Amino acid sequence: MSIWEYANPRKFMAWSRPVVPVTAVLAAATLLIGVVWGFFFTPDDYRQGATVKIIYLHVPAAMMAINIWVMMLVASLIWIIRRHHVSALAARSAALIGLVMTLIALLTGALWGQPMWGTAWEWEPRLTSFLILFLFYLGYLALWAAIDNPDTAADLTSVLCLVGSVFAVLSRYAVLFWNQGLHQGASLSLDKKENVDDVFYFPLLFTIAGFVLLFVTLMLLRTRTAIRGRRLQALEMRERMSDA
Amino acid sequence: MIRLFTRDLVLAVRAGGGFGLGLAFFLIVSVLVPFGVGPENELLGRIAPGILWLGALLACLLSLDRIFALDFEDGSLDLLATAPVPMEAVVLMKALAHWVTTGLPLVIAAPVLGVLLQLQGSAYGWLVLSLLIGTPALSVIGTFGAALTVGLKRGGLLMSLLVLPLYVPTLIFGAEAVRRGAAGAENAVPLLLLAGISLGAVALLPFAAAAAIRMNLR
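First, a word on scope: everything that follows refers to the structure included in this document. Fair warning: this is a prediction, and the values are worked out from it, not measured in the lab.

A look at the packing of aromatic side chains
How two aromatic rings sit relative to each other is set out by the distance from centre to centre and by the angle between their planes.
Residue and element names in this part refer to chain A.
Piece 1. Throughout the structure, instances matching the rule amount to seven aromatic pairs over all chains.
Piece 2. When the centroid spacing of 6.5 Å and the interplanar angle of 80° are considered together, the rings of Phe 39 and Phe 40 count as edge-to-face.
Piece 3. When its relative accessible area of 31% is taken as the criterion, Phe 39 is described as partly exposed.
Piece 4. By relative accessible area, which is 62% here, Phe 40 ends up exposed.
Piece 5. Centre to centre, the rings of Trp 69 and Tyr 140 are 6.2 Å apart; their planes meet at 65°, and the pair counts as edge-to-face. In this pair, Trp 69 is assigned in helix H2 (residues 55-82) and Tyr 140 in helix H4 (residues 125-146), connecting sequence segments 71 residues apart.

Dropping the structure here:
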């Protein structure tokens, strides 16, 4: 039994059915713990005041925005190489979530930037690359929506995802060129020295886990819906055939 | 392949499409900018590199949907797909023809429009050079976008949405090279990066575009 067995639509439906409620509950629990702990039981930062608490939404959303694109890239590659339909549908399902995550990151960033930097928007490398990422998500979803034939749509969006990834990385480094970083460095890394203070660190871990679980839940749900939609289409097609 | 190239060239010139239209668009954009921002020479001179690059990019975008659309409608794209020439070569020739009919005239027209926009004297050489290096990338990336949307009824708007984010790095490095050149600063780095993008796009994107066309024709 290989890992690809799980990509069979029937198998996928079978294993994802019990998984969805579990991840949903876990996501709700971790998000609740993280947000309540973060919002009400951590001290205000001595310079940033209460605005520091936006970190609990901003950082996980930004992480997810990038990682979802990577997941779409992997799913697109799987579709191109092995042509598993579930993989293509999963990529499509993830894209909208990624779009929303990017939007959350941009908006929370703007809300935080207004009092802290004195500006909601600045043409600054990190912000700009996120805006470009947002445009990439938009284009990807628009291409999916524009093409009728689902297989062609899956093919073309996969190619777009591959090429787009290269250009997204290029853009990321191109905007660094302006060289006027206002955004602080990474809040988290495995190298402990750079991390934010422990007081903020542990609730943050909870919300990050919550966002990941939320994404998994939504992605599985949307993929299941897409598979059902595909089955419905097939049934309707068969119905029409037998009528004729 | 050369036949295909000359055919596209002749078609473009005779149909009166991309050739004049792109140039006219470039002219109008450059003329409209002073109306929009006001006739202050100093301000215009400062934003001229960016405006000229942006105008060239938009003019390029305008003529992209012609690359494959006509051939798709009359069925010659199907013939090209079954021809002994590989699809990648067809795409490359199409992009080359697009560059010669759109990119090259833009490069030649840019200095003239630079006068209108009060471009600084030291920037003309850099403007032409950067456009010369950068427009092939615009053509090839655009060809990829056109290949993605070739089968669609109203692909033009969608194509802009797909292609414009891909143009970001080219635009940044191109305009930056001119800006630094105008200020007399060191600009070899953006120029080299621009050349890198062009060469990389010319080398790799025809494969992606050809794959997209095959998927669309299936």
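Still more to cover.
Remarks on the interface of chain A and chain B
Piece 1. Across the contact, 25 residues belong to chain A and 26 residues belong to chain B.
Piece 2. Buried surface at the junction of chain A and chain B, both sides included, amounts to about 2200 Å², of which 84% is carbon and sulfur.
Piece 3. Summed over the shared surface of chain A and chain B, the result is zero salt bridges.
Piece 4. Of all the secondary-structure elements, those providing two or more residues to the side of chain A that touches chain B are H4 and helix H5 (150-175) of chain A.
Piece 5. Counting residues per element, the side of chain A that touches chain B draws most heavily on H5(A), at 12 residues.
Piece 6. A class-by-class count of the residues in the side of chain A that touches chain B yields 19 nonpolar, four polar and two charged.

Topic: a nonpolar patch on the surface
Residue and element names in this part refer to chain A.
Piece 1. A surface patch of nonpolar side chains, about 1000 Å² in accessible area, is lined by Leu 32, Ile 33, Val 36, Trp 37, Phe 39, Phe 40, Phe 41, Leu 57, Phe 202, Leu 205 and Phe 206.
Piece 2. Within the residue set of the nonpolar patch, elements represented by two or more residues are helix H1 (9-40) and helix H6 (198-243).
Piece 3. Looking at which element gives the most residues to the nonpolar patch, the answer is H1, with six residues.
Piece 4. If you trace the backbone, Leu 205 turns up in helix H6.

Remarks on the nonpolar core
Piece 1. Counting 112 residues, the largest nonpolar core has A:Ile68, A:Met72, B:Phe26, B:Phe68, B:Phe144 and B:Leu205 as the members making the most contacts within it.
Piece 2. In terms of residues, this core owes the most to one element, helix H8 (residues 155-182) of chain B, which gives 12 residues.
Piece 3. The residues touching B:Phe68, leaving out its near neighbours within four places in the chain, are B:Leu77, B:Val91, B:Lys94, B:Thr143, B:Ala146, B:Ala147, B:Val150 and B:Ile213.

Remarks on unusual backbone geometry
Piece 1. Phi at A:Arg83 takes a positive value of approximately 55°, unusual for a residue other than glycine.
Piece 2. Inspection of the secondary structure assignment puts A:Arg83 in the loop between H2 and helix H3 (85-116).
Piece 3. Here B:Gln118, not a glycine, exhibits a phi torsion of approximately 60°, which is positive.
Piece 4. Structurally, B:Gln118 is set in the loop between helix H6 (87-116) and helix H7 (124-148).

A closer look at the packing of H8(B) against helix H9 (residues 188-217) of chain B
Residues and elements named next belong to chain B.
Piece 1. Close contact between H8 and H9 brings their axes to 8 Å; oriented N to C, the two are set at 150°. Considering the angle they form, H8 stands roughly antiparallel to H9. Between H8 and H9 lies a crossing of left-handed hand. Contacts between H8 and H9 involve Pro 169, Thr 170, Phe 173, Gly 174, Glu 176, Ala 177 and Arg 180 on the former and, on the latter, Pro 190, Leu 191, Leu 193, Leu 194 and Ile 197.
Piece 2. Across the contact of H8 with H9, the residue classes tally to eight nonpolar, two polar and two charged.

What counts, and at which threshold
- Residue numbers here run from 1 along each chain, matching the order of that chain's written sequence.
- Going through the entries in the order they are written, you letter the chains from A and number the ligands from 1.
- Where local features are concerned, this predicted model is filtered to residues with pLDDT of at least 70; where side-chain atom pairs are given and counted, the filter is 80 or more; whole-chain, interface and lining totals use all residues.
- Heavy atoms from the whole structure form the basis of all side-chain values; hydrogens and water molecules are not counted.
- For Phe, Tyr and Trp, rings pair up if their centres lie within 6.5 Å, where Trp contributes its six-membered ring, and each pair is then called stacked (planes under 30 degrees apart), edge-to-face (over 60) or tilted (otherwise).
- Burial here depends on accessible area, computed with a 1.4 Å probe over protein chains only, as a share of the maximum for the residue type. Under 20% is buried, over 50% is exposed, and the range in between is partly exposed.
- Each helix is a run of DSSP H or I of at least 4 residues and each strand a run of E of at least 2, with the numbering of both proceeding from the N terminus.
- Here, residues are in contact when the closest pair of their heavy atoms is within 4.5 Å.
- Here's the idea: put two parts together, see how much 1.4 Å probe accessible area each one loses, and the total over both is what we call buried area.
- Basic side-chain nitrogens of Lys or Arg form a salt bridge, by our definition, when they fall within 4 Å of a carboxyl oxygen of Asp or Glu.
- Under the convention adopted here, Pro, Cys and the residues Ala, Val, Leu, Ile, Met, Phe, Trp and Tyr are nonpolar, Asp, Glu, Lys and Arg are charged, and Gly plus all remaining residues are polar.
- A patch consists of residues whose relative accessible area exceeds 30% and which take part in no salt bridge; residues with like charges are grouped when within 9 Å of each other, and nonpolar side chains (Val, Leu, Ile, Met, Phe, Trp, Tyr) when within 5 Å.
- All accessibility values rest on the Shrake-Rupley procedure with a 1.4 Å probe; residue burial counts only the protein chains present in the view.
- Buried residues of nine kinds, namely Ala, Val, Leu, Ile, Met, Phe, Trp, Tyr and Cys, make up a nonpolar core once their side-chain atoms join them within 4.5 Å.
- Helix axes use the C-alpha atoms of the stretch in contact, all axes being lines fitted to C-alpha atoms, and the angles between their N-to-C directions lie in the range 0 to 180 degrees.
- Angular relationships are summarised with four words: roughly parallel below 35 degrees, roughly antiparallel beyond 145, roughly perpendicular across 65 to 115, and oblique for the angles in between.
- Two helices that cross are described as forming a left-handed crossing if the nearer one is turned anticlockwise from the farther one by less than a right angle, and a right-handed crossing if clockwise.

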